[in-house]
Amino acid sequence: MTQTVTLSFFRFSGLPARAWALMMMGGARLPLAQTPDIGFWKLCGSGTGEGFTPVPNTAVYAILATWPDAETARKRSSEGVFASYIHRATENWTVFLQTQTARGEWSGQTPFQPGPTGAGPLAALTRATIKPRILARFWGRVPNISAMIGKDPNVAFKIGIGEVPMLHQITFSIWPSEKAMASFARTGPHADAIRAVRDEGWFREELYARFAVHSDRGTWNGISPLKKLEAA
């Protein structure tokens, strides 16, 4: 069996639905922990815009989870507490991923199990716990990186999410190929930020993972983001 990772996004409209989603950042923890077959999981909020800001977006939330295989992932991510989110959200989208490479830790764990590698669309996830003394410098660089990735014609989907505002940050993006992903990562503001991370020790804990994009379910902004990969 090949471990499957799901990243599910939910958009909420109206004050009651948004208040429910905010409450579930605490209230969903026990139901998620009791979900059959689930492994590692995290509840996340998002930032405004495309998520790459320190200002919370009360409309968009995400759940990351690992499962023993794709069939289990598809079944379990649409029932139980996930079904409650789907029912209340105005839009939801889940992408199914299989880990190709991963290094680092997340909350002291190594959640992703690398499997077979191959050609095709890829997703990149970075997760970091930012040292408090670095916060101003980190968030000072983010607008330039966000603008750069937003203009890149190759990126099919991108978002910034996090467990704790300002301090625990996750970036997630989907690309048509390894070449397109590497081209973005090695140039401009993003490359400058990577050098600063290494030279100045910005993060207390960090994880970098790359995934093969297996499939998806639902829509985001009215379409499947994977349709952009087909067009490319």
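Coordinates for the structure precede this section.
Below is a summary of the structure that appears in this document. On a predicted model such as this, the values are computed, not experimentally measured, just so you know.

**Remarks on the overall build of the protein chain**
- Within the protein chain one finds 8 helices and 8 strands.
- Classification of the 232 residues of the protein chain by burial places 49% in the buried group.
- Taking all contacts inside the protein chain whose residues are at least 6 apart in sequence as the whole, residues at least 24 apart take part in 77%.

**Things to note about the packing of aromatic side chains**
- Tallied over the full model, the rule gives 15 aromatic pairs.
- Consider the rings of Phe9 and Phe157, whose centres lie 5.3 Å apart with planes at 55°: the pair is tilted. Placement of the pair is Phe9 in strand β1 (residues 4-11) and Phe157 in strand β6 (residues 157-164), with a sequence separation of 148 residues. For the pair formed by Phe9 and Phe157, the shared burial category is buried.
- With 6.1 Å between their ring centres and 70° between their planes, Phe12 and Tyr61 make a pair best called edge-to-face.

**Regarding the pattern of salt bridges**
- Taken as a whole and judged by the stated rule, the model has 8 salt bridges.
- Residue Glu91 is joined to Arg11 by a salt bridge in which the shortest nitrogen-to-oxygen separation is 3.3 Å. With Glu91 in strand β4 (residues 91-104) and Arg11 in strand β1, this residue pair connects regions lying 80 residues apart in the sequence.
- Since its relative accessible area comes to 12%, Glu91 is described here as buried.
- A salt bridge links Asp37 to Arg76; the nearest nitrogen and oxygen atoms lie 2.9 Å apart.

**A word on helix α4 (residues 81-88)**
- Taken together, the buried positions of α4 are occupied by Val81, Phe82 and Tyr85. For α4, the buried positions fall inside an angular range of 110° around the axis, keeping them on one side.

**Looking at the pairing of β1**
- Within β1, 7 of the 8 residues are buried, which leaves it mostly tucked inside the rest of the structure.
- Here β1 runs beside strand β3 (residues 56-67); their pairing, made up of 8 bridges, is antiparallel. Pairing of Ser8 across the sheet is with Ile63, part of β3.
- Direction of pairing for β1 relative to β4: antiparallel, over a ladder of 7 bridges. Among the inter-strand pairings, Ser8 is bridged to a residue of β4, identified as Thr94.

**Some remarks on the pairing of strand β2 (residues 41-47)**
- By the criterion of burial, β2 is predominantly enclosed, with 7 of the 7 residues buried.
- With 7 bridges joining them, β2 and β3 adopt antiparallel strand pairing. Across the sheet, residue Gly45 finds its bridge partner in β3, namely Tyr61.
- Pairing of β2 with β6, which is carried by 2 bridges, proceeds in the antiparallel orientation. Directly across from Ser46, in β6, lies its bridge partner Ile161.

Cut-offs used in this document
Residues numbered from 1 in each chain as written. Predicted model: local features only at pLDDT ≥ 70, side-chain atom pairs only at ≥ 80, totals over all residues. Heavy atoms only, no water. Helix = DSSP H or I, 4+ residues; strand = E, 2+ residues; numbered from the N terminus. Buried < 20%, exposed > 50% of the residue type's maximum accessible area, 1.4 Å probe, protein only. Contact = heavy atoms within 4.5 Å. Phe/Tyr/Trp six-rings, centres within 6.5 Å; stacked < 30°, edge-to-face > 60°. Salt bridge = Lys/Arg side-chain N within 4 Å of Asp/Glu carboxyl O. Arc of directions from axis to C-beta. Pairing = 2+ DSSP bridges.

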